[in-house]
Structure formats: structure tokens, C-alpha cells
Amino acid sequence: MAKVKTAFVCSDCGSDYSKWQGQCSDCGAWNTLQEIRLSSAKAASGKTAARSGYAGASAAVQRLSEVSVEDLPRVHSGYKELDRVLGGGIVPGSAVLIGGHPGAGKSTLLLQVMCYLASQQGCLYVTGEESVQQVAMRANRLGLPSDQLQILSETSVESILATAETIKPKVLVIDSIQVVHLEDISSAPGSVSQVRESAAVLTRFAKQTGTVVVLVGHVTKDGSLAGPKVLEHMIDASILLEGGHDSRYRTLRGQKNRFGAVNELGVFAMTETGLKEVSNPSAIFLQRGEHASGSVVTVIWEGTRPLLVELQSLVSETQGAHPKRVAVGLDQNRMGMLLAVLHRHAGLLIGDQDVYANIVGGVKVSETGADLALLLAIVSSFRDRRLPQDLVVFGEVGLSGEIRPVTSGMERVREAAKHGFKKAIVPVANAPKEVTPGFEVIAVKTLQEALNAIE
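Presented here is a report on the structure given in the accompanying data block.

Cut-off values and rules
Residues numbered from 1 in each chain as written. Predicted model: local features only at pLDDT ≥ 70, side-chain atom pairs only at ≥ 80, totals over all residues. Heavy atoms only, no water. Core = buried A, V, L, I, M, F, W, Y, C linked by side-chain atoms within 4.5 Å. Buried < 20%, exposed > 50% of the residue type's maximum accessible area, 1.4 Å probe, protein only. Helix = DSSP H or I, 4+ residues; strand = E, 2+ residues; numbered from the N terminus. Contact = heavy atoms within 4.5 Å. Polar contact = N/O pair within 3.5 Å; in protein donor to acceptor, adjacent residues only side chain to side chain. Pairing = 2+ DSSP bridges. Phe/Tyr/Trp six-rings, centres within 6.5 Å; stacked < 30°, edge-to-face > 60°. Lys NZ or Arg CZ within 6 Å of the ring centre and 35° of its normal. Axes fitted to C-alpha atoms, helices over the stretch in contact; angles between N-to-C directions. Disulfide = S-S within 2.5 Å. Arc of directions from axis to C-beta. Parallel < 35°, antiparallel > 145°, perpendicular 65-115°, else oblique. Nonpolar A, V, L, I, M, F, W, Y, C, P; charged D, E, K, R; others polar. Expected span 1.5 Å × (residues − 1).

**Looking at the nonpolar core**
Thought 1: Core analysis: the biggest nonpolar cluster contains 49 residues, and Leu342, Leu372, Leu376, Ile425 and Leu447 have the highest contact counts within it.
Thought 2: Take this core: its biggest share by element is eight residues, from helix α9 (residues 371-383).
Thought 3: Contact partners of Leu376, with chain neighbours within four places excluded, come to Leu387, Val393, Ile425, Ala450, Leu451 and Ile454.
Thought 4: Judged by nonpolar contacts, the second largest core, of 35 residues, contains Val75, Leu142, Val171 and Val173.

This is the structure in C-alpha cells:
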């Protein structure tokens, strides 16, 4: 009997080792190495087994100039926001991973998409966490056309692929990758070895048959996809559905996409009849209440479009020995750095003040274009002085107090003017050459000039 080959894989970064050790040498995490069983190639008895490539055929050497660069016809999901995040639609033969917290709406969104696609082509929805009766009840509650959608309740990857090879669907959904398993791997479903090998087999099936395979994945407490990092390297696109239970809005963000731009953002609203698209996200994030100090609107860039969001700040005298620095939707470490810039180059000392910052609507801002808006909101709250309600601010703040330009400045100004704003404070390098009539642009070079503009 041949000896079973094993390896130890880090569940955080995906690095593998020949033997177990307490700490991963690559990412530094402790006790994250888990044993997996490596699959071995079996030769056919009495004859030499034919070798095939990842796409199902023997690999051939060819010149790069001879490779066809024609775009594959994309499949439209029926939802423009989802197509936007995927780069214009679903690419045949691609493997897509959709993650999110429990209750975010992953199964609801995919059921809506599959019911729409089933009326045009063959689709198979494989559920491993719910029974077929539960899925049917959800479809009836949402009022979806379910007469063409084929559904299967199965957790064995071998049985799923055997069924798929028989009915030959164009789109295959696996809900979820954490519950399916391979028969020849002894570990439990959801383990590193099962998730890794199951995803590899399903991705290989997608490439060989041209079937779109959509995998549903769970997330950890910190919001990252559960399972080994190698899972994200195997698939073609990874998107995350975010949204709390107390919010009716869900954001769909692209984290990896081989066929389009990353960091694209799609917005949905959770209703009684399922997820509905929000065609104008800036409108929902700008539902401002009573105008007060510490509030300002900024324009962030998400993927290929601008998005207007309200940034709020609250500065109050600290009651303890250490002042608090709390940022929701922003990088807290960057906020601390910007407060140091405010002290050094603007002469405002708020070291004895608690500082809170929040992005209204639950949006997470990762770019530096909101730096200037954050500082102006902090100054507005500290001085208890309201900023103009028709003012929009964006720009990156450097450590020397200079206001640095951001990408797509002209498009941001146009988006602000389209939503009725009359004034903008922007970096000098982002000042538009042609300004919309009735719209004032204040171009600043330093933080002090920006503060003088709101006096």
C-alpha cells in the first residue's frame, strides 16, 4: 500500500511545510499549521495514463502573439450592481467566491440570480446547509420564478460533479464550500484540507467544462474569508457581501477579480421581497439630518465610480487619564497620524480631547482622499462651528501639512455638482480647468489654507 503523503498548511497565509511547527515562518502566526492529505496521481492499470493540463487538455507551447485576445461573452446576472462588481458580467468557465457574515444575504442574492438565469440556460443550485424544502420556501416568499431552476441537496463533491456532468449546467452554485467534502480525504468538512482540495476540484471542473462555478464562503470574526488563503488564489474572483443586521443596506465589494477592476462597490437594499439594487448609492448615504458641527461630505472613489458619503466627528473633553481615539469606517492609526499633523502644522492641540469619527451608512473608507475632510470635521466639532451644508471636501494630507492630489479629481467634482453641492475644497492639482456655473472650487496647497477657507 502506497504511503499517504501529507503536508502542513498555515490557515492564515497558505504557506506549507513538510513537518509541523508551532509558528508559521512566513506570517508569524502561532498554532495555525494544519495537516492536509496530498492527492496522488493514479496510473491506469496495464497502460500509461494520459496527462492533461489544468484546462482538461495537454498543454501546448505557442507564441504569445498567436494567443486569441477576444473577450469571452459575459453572462449578465440580471443585476447591474453585481455585474459591475464582477467587471461587466459573469465570465464562462470562471470560479467565483462570495463571502459574508451569516444573515448578510448571500443565499438570497444567489437564489435571485439563479432563478433569473435559469429562464435562459441550465442552472444547478447545490445546497449543503439547507434542505430543498427550505430553499423552495424562500423562493416562494420572495416571489421568484422557480419553475426552471434545478436544485440538489448534496455535500459530496464526487456526487455533485457526477450530477453536473449528466445535466451539464452553465452555472453551478455550491452553498457552501465549508460543508462539502471529498470521499478520499479523511478530515472533517470545513477543515483546511477539505476546503483546499474541494475548491481545487471544483475550479478544475469549471475550467475543463466552461461552467461558471460560484462558491459560497463563510467569514471569520475579523471579516476575512474563512479557510486557507490558498483558496483565494485558486478562484478567479472574490467578492464580499457586507452589512449589519441593523442596516437594510448591503454592500458588495470586489476583493479580487481577474476579469475586471478590484475594489468595485455594489449597493443593495434588503426588502421583504429580497435584495433590490440601489442605482444611486450617494443619495442614500447623503440622507443628512439636522445640520450640526463636525459634519462634512467627502467624495471617495470606489472601483470605477465616485461615491459621496457623510463624515462625522465628535470632539469632547476627556474624562479619563488617556484620551480616546475611535474611528468607525476609517483607519484609526491614520486618524492618529492626522491629529499629529493638525497639531504640528495648524497649532491645534487636542491631546486632552476624546476624538470620535464615523462614516454614515456603514461604508468603509480605505483610501487617503478623505484625509482633509476628516481634519476639517474634527476642527468643526472642536470649535463648535458648522461647515456649509453645500460644501464637499476631498484631498490627501501629507506629514508636512501639504494637501496632495487624489485620483479622478475631476470626476469627483462633477459628482458633487450633480448632487446639488455649490462649493468644494480640493487640492490645487485637482482643480478643474472648467468649472460648472454656480459651483465654486477652492484649491488649497496646505492644511492652513484649508482651515482659512472655512473661517
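**Brief notes about the environment of His419**
Thought 1: As for its placement among the helices and strands, His419 is situated in the loop between α10 (409-418) and β20 (423-427).
Thought 2: Counting along the chain gives 133 residues from His419 to Leu286, while the straight-line C-alpha distance between them is 9.5 Å.
Thought 3: Polar side-chain contacts of His419 include one of 3.4 Å to the side chain of Asn280.

**Examining the pairing of strand β4 (residues 95-100)**
Thought 1: Among the six residues of β4, six are classified as buried, and the element is accordingly described as predominantly covered.
Thought 2: Side chains Ala95, Leu97 and Gly99 of β4 all project onto a buried face; the interleaved residues Val96, Ile98 and Gly100 project onto the opposite face, where all are buried too.
Thought 3: Here five bridges tie β4 to strand β8 (residues 212-217), and the two strands are oriented parallel to one another. Each bridged residue has a counterpart across the sheet, and for Val96 the counterpart in β8 is Val214.
Thought 4: With five bridges connecting them, β4 and strand β9 (residues 237-242) associate as parallel partners. Residue pairing in the sheet places Leu97 in a bridge with Ser238 of β9.

**Some details on the packing of aromatic side chains**
Thought 1: Counted according to the given criterion, the structure contains one aromatic pair.
Thought 2: Sitting over the face of the ring of Tyr249, Arg248 holds its NZ or CZ atom 5.1 Å from the ring centroid.
Thought 3: The ring of Phe394 has Arg412 lying over it, and the distance from NZ or CZ to the ring centre is 5.7 Å.

**Focus: the sheet that holds β8**
Think of a sheet as strands paired side by side through backbone hydrogen bonds, with each pair either parallel or antiparallel.
Thought 1: Strand order across the open sheet formed by nine strands is β6-β5-β7-β8-β4-β9-β10-β11-β12, with mixed pairing between neighbours. With partners counted over all chains shown, the strands left at the sheet margins are β6 (150-153) and β12 (274-277), one partner each. For this sheet, the mean angle separating the axes of adjacent strands, direction not counted, is 25°.
Thought 2: Bridge analysis of strand β7 (residues 171-175) against β8 gives five bridges, and the strand direction is parallel.

**Things to note about the sheet that holds β20**
Thought 1: On the basis of which strands lie adjacent, the open sheet formed by seven strands has the order β15-β16-β14-β13-β17-β20-β21 and mixed pairing. Across the chains shown, the open sheet's two edge strands, defined by having one partner strand only, are β15 (325-328) and β21 (440-444). Mean inter-strand twist for the sheet, computed between neighbouring axes without regard to direction, equals 25°.
Thought 2: Two strands pair when backbone bridges link them, and β20 and β21 are joined in this way by five bridges, in the parallel orientation. Counterpart to Ile425 in the pairing with β21 is Ile442.
Thought 3: The strands touched by α9 are β13 (295-302), β14 (305-317), β16 (353-359), β17 (391-393), β20 and β21; relative to β14, the strand with the most contacts, the crossing angle is about 35°.

**Some points on the state of the cysteines**
Thought 1: Inspection of the entire model under this criterion finds zero disulfides.
Thought 2: Cys115 provides the cysteine sulfur closest to Cys123, a residue in no disulfide bond, and the two sulfurs are 9.1 Å apart.
Thought 3: For Cys123, a relative accessible area of 1% puts it in the buried group.

**Digging into helix α3 (residues 132-142)**
Thought 1: Buried residues of α3: Val135, Arg138, Ala139 and Leu142, and no others. Take α3 and look down its axis: the buried residues cluster within an arc of 100°, on one side only. Set apart from the buried face of α3 by more than 90 degrees, the exposed residues are Gln133, Met137, Asn140 and Arg141.
Thought 2: Contact partners of the buried residues in α3: α2 (106-118), β5 (123-127), β6 and β12.
Thought 3: Directly beyond the C-terminal end of α3, a positive phi value near 70° is found at Gly143.

**Overview of the packing of helix α4 (residues 157-167) against helix α5 (residues 192-209)**
Thought 1: Orientation of α4 relative to α5, taken along the N-to-C sense of each, is 10°, at an axis distance of 11 Å. Regarding the angle of α4 to α5, the classification is roughly parallel. Each of Val157, Leu161, Ala164 and Glu165 in α4 lies in contact with α5, whose residues at this interface are Ser198, Val201, Leu202 and Phe205.
Thought 2: Broken down by class, the residue content of the contact of α4 with α5 amounts to six nonpolar, one polar and one charged.

**A closer look at α9**
Thought 1: Taking 1.5 Å of rise per residue, the 13 residues of α9 would be expected to cover 18 Å, and the 19 Å separating its terminal C-alpha atoms lies within 8% of that figure.
Thought 2: Of all 13 residues in α9, eleven are buried, a share of seventy percent or more.
Thought 3: Just downstream of α9, Asp384 is the residue with a positive phi angle, here 55°.

Limitation: the analysis is restricted to geometry and does not speak to function.
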